[in-house]
Amino acid sequence: MPVPDRTASVSKPARRALYYLVAPVGHPNYGDELIAASWLRHLAEVAPEADVWVDTHSPGPAAVLLDGLHPRAKFTDTLWRLCWEAPSEDPWQAAAWVREAIHNPGMMPRLHHGIELLATVDVVHVVGGGYINKLWPKQIGLLAGAAAAAERSGGRAAMTGQGLLPACDDVAPLLRALADRFEIVEVRDDASAELLDVPVGLDDAFIGIGPHLYENTEELPEIMLCLQSDLVEVGVGKLAGAVLSMLRSWKVSPEKIGIVEGVPRVDREVFALLERELPGARFYPFSHIWTHGLPVSPQQTWISTRFHLHMLAAAGGASGVAVSIHPDYYATKHRSLSALGSNWTLLEDLSQVPDRPKAGGYAPDALAGFKKAKRDLARSIYAPIVRPVPEHDGPPEAQVTPLRRRWARLIRS
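1. What about the overall build of the protein chain?
Secondary structure assignment for the protein chain yields 14 helices and 12 strands. At 23 Å, the protein chain has a C-alpha radius of gyration in line with the 22 Å of a compact globule built from 413 residues. By principal-axis analysis of the C-alpha atoms, the protein chain measures approximately 95 × 50 × 45 Å. Taking all 413 residues of the protein chain together, the buried fraction comes to 56%. Contacts spanning at least 24 positions in sequence make up 75% of the contacts within the protein chain whose residues lie at least 6 apart.

2. Observations regarding empty space enclosed by the protein
As enumerated under the stated definition, the model contains two cavities of 30 Å³ or more in all. Counted as a void, the largest cavity has a volume near 70 Å³. Pro 91, Ile 132, Asn 133, Lys 134, Pro 137, Ile 140, Leu 164, Ala 167, Cys 168, Val 171 and Leu 175 together form the lining of the largest cavity. The class makeup of the residues in the lining of the largest cavity is nine nonpolar, one polar and one charged. In this structure, the second largest cavity encloses a volume near 30 Å³. Forming the boundary of the second largest cavity are Gly 163, Leu 164, Leu 165, Arg 188, Asp 189, Asp 328, Tyr 329, Thr 332 and Lys 333. Counted by class, the lining of the second largest cavity contains three nonpolar, two polar and four charged residues.

3. A short note on helix α12 (residues 307-315)
Of all the nine residues making up α12, nine are buried; the element is thus mostly covered by neighbouring parts of the structure. Among the residues of α12, Phe 307, His 308, Leu 309, His 310, Met 311, Leu 312, Ala 313, Ala 314 and Ala 315 are the ones counted as buried. Phi for Gly 317, located one or two positions after α12, is positive at around 95°.

4. Here we look at the side chain of His 308
Structurally, the position occupied by His 308 is in helix α12. Reaching out from His 308, the side chain makes a polar contact with the side chain of Asp 203 at a distance of 2.9 Å. In contact with His 308, not counting residues within four places along its chain, are Gly 31, Ile 35, Arg 188, Asp 203 and Ala 205.

5. Quick look at the packing of aromatic side chains
Inspection of every chain in the model, using the stated rule, returns 11 aromatic pairs. For the ring pair Trp 39 and Tyr 382, a centre distance of 6.3 Å and an interplane angle of 50° mean the geometry is tilted. Note that Trp 39 is positioned in helix α1 (residues 30-46) and Tyr 382 in the segment after α14 (364-381), a separation of 343 residues in sequence. This pair shows no difference in class: Trp 39 is buried, exactly as Tyr 382 is. Their ring planes at 80° and their centres at 6.1 Å tell us that Phe 206 and Tyr 362 sit as a pair that is edge-to-face. Taken together, the residues Phe 206 in the loop between α8 (190-196) and β7 (223-226) and Tyr 362 in the loop between β12 (345-347) and α14 connect sequence positions 156 residues apart. With respect to burial, Phe 206 and Tyr 362 carry one shared label: buried. Cluster of aromatic residues (ring-pair linked, three or more members): Tyr 19, Trp 39 and Tyr 382.

About the thresholds
Residues numbered from 1 in each chain as written. Predicted model: local features only at pLDDT ≥ 70, side-chain atom pairs only at ≥ 80, totals over all residues. Heavy atoms only, no water. Helix = DSSP H or I, 4+ residues; strand = E, 2+ residues; numbered from the N terminus. Rg over C-alpha atoms; globule rule 2.2 N^0.38 Å. Buried < 20%, exposed > 50% of the residue type's maximum accessible area, 1.4 Å probe, protein only. Contact = heavy atoms within 4.5 Å. 1 Å grid on protein atoms, 1.4 Å probe; cavity = no way out; pocket = protein on both sides within 12 Å on 5 of 7 lines; lining within 4 Å. Points joined across faces, edges and corners; volume = space filled by probe spheres on them. Nonpolar A, V, L, I, M, F, W, Y, C, P; charged D, E, K, R; others polar. Polar contact = N/O pair within 3.5 Å; in protein donor to acceptor, adjacent residues only side chain to side chain. Phe/Tyr/Trp six-rings, centres within 6.5 Å; stacked < 30°, edge-to-face > 60°.

On their own, these measurements won't tell you what the molecule is for.
Next comes the structure, spelled out in structure tokens:
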């Protein structure tokens, strides 16, 4: 009896899309975690069957904080380790070393399988934030590595919501050359846009703005503080004094004050200097706001040094003062939100005491526009990748010419 030929009825399993996010998550830092969480939630909505890898400096803590946001998310640290292993702090040398290691994995045999995973990506996406700049010069290798991964895989490289200031000396030509290797390029502030000669776009957190980010309770403090102790060029004592002067000028009762921790312990230190002056103030640790949401209401006034707390409080309708503690870094970030209509007062001279703001935050229709712009951008990033079919599997379905266009959505009108 002849054996039936079943080859005609057996089809190859469909290959899962492979999306690779590069993000500085797991430290934790509220803004960085929020951006990664927002992209994972978006991909869970539009691509739940895709394999998603998140490459971060702290994959263990990140896997816990972001657990369950995408059903197929996994965590690694390949590109970050390559940056750390670069033999020089010079950004040109670091970028060249990481790019070469992606093309020649034998340079880092301990990371061989991670590098080979990068060589199969459909999309490698360097998500937004302010972590590729002069403060951490080796991390330009993340852009170089992402570009090299797309070169090897034939996939798409994207960078979004980037803040690149302050930039290292003489690095502009390198940044522009790397950006040319990305199909999609978006930056979040005017100075970064000028650096790369692209239109200005939006911070990535706007894609995830929504009620789920806020604490659902009516008993919230009248005044909220988020005061960091890292990267404070003006001095922690001067910052504490400026905030205390504002609270005294506004005649705020201490029991009506809340303190939010965007980075564990780091955002507790300035409050420790003020704690004896603010008896009855309520402290919200990072663990609380990540689990229960931000305690924001339109009736509040905020004082924040942190960029994403400014953004989220303004998006929740709160008025506020954004305090610049680092002229080349935080002032640029806060100005980008003011330019979008946050209505907050930007305080750069800490010897001044501003009036208590009452203008509220972002208009709801503006927020809706920002979110739509980011989702439109996301559709371009995660559009299907069409590759030529090898000759032995049949004729090519499409001829792919790698796009080298720059993308940014200019939302100001």
